[in-house]
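# Descriptive structure summary
The residues making up each chain are set out below.
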Amino acid sequence: MEEWSIEQWEAAKQSGEKTAFYLYTPMCGTCAVASKMMSIIEQLLPQLQIGKANINFLEHIAYEHQIESVPCLLISDGGKVTEKIYAFQSVPFLYELLKKSID
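What comes next is a walk through the structure. Predicted model only: the values in this text are computed from it and were never measured. (Residues numbered from 1 in each chain as written. Predicted model: local features only at pLDDT ≥ 70, side-chain atom pairs only at ≥ 80, totals over all residues. Heavy atoms only, no water.)

Let's shift gears to the pattern of salt bridges. Scanning all chains against the criterion turns up one salt bridge. A salt bridge links E10 to K13; its shortest N-O distance comes to 3.4 Å. Taken together, the residues E10 and K13, both in helix α1 (residues 6-14) and three residues apart, mark about one turn of the helix. For K13, a relative accessible area of 7% puts it in the buried group. (Salt bridge = Lys/Arg side-chain N within 4 Å of Asp/Glu carboxyl O. Helix = DSSP H or I, 4+ residues; strand = E, 2+ residues; numbered from the N terminus. Buried < 20%, exposed > 50% of the residue type's maximum accessible area, 1.4 Å probe, protein only.)

Below, the structure is given as structure tokens:
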């Protein structure tokens, strides 16, 4: 999964296609598990644009989207954020959530 800058996130979001932006911090234990889950999702859904970023370096994103905790997954579709997920639950849960509308 590629590390995205704010500019890359904005470009992906504005593409109008479904996009997932995974936000984490390096010291977060739950984020380590979520990162592994997202790596699997990236392999299962290669057509989905997925990026990640250390939220410590993206204060603007945290403020703009009112990120309350990490891990956090911002999902955009049609140029706007449509979902904000904190509870990653399982790979099947994420797969079904992200698979919607990309088929």
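From this point on, the discussion continues.
The terminal C-alpha atoms of helix α2 (residues 29-44) lie 24 Å apart, and with 16 residues this matches the ideal 22 Å at 1.5 Å per residue to within 8%. Here the buried face of α2 lies against β2 (19-24), β3 (49-54), β4 (72-77) and α4 (91-99). (Expected span 1.5 Å × (residues − 1). Contact = heavy atoms within 4.5 Å.)

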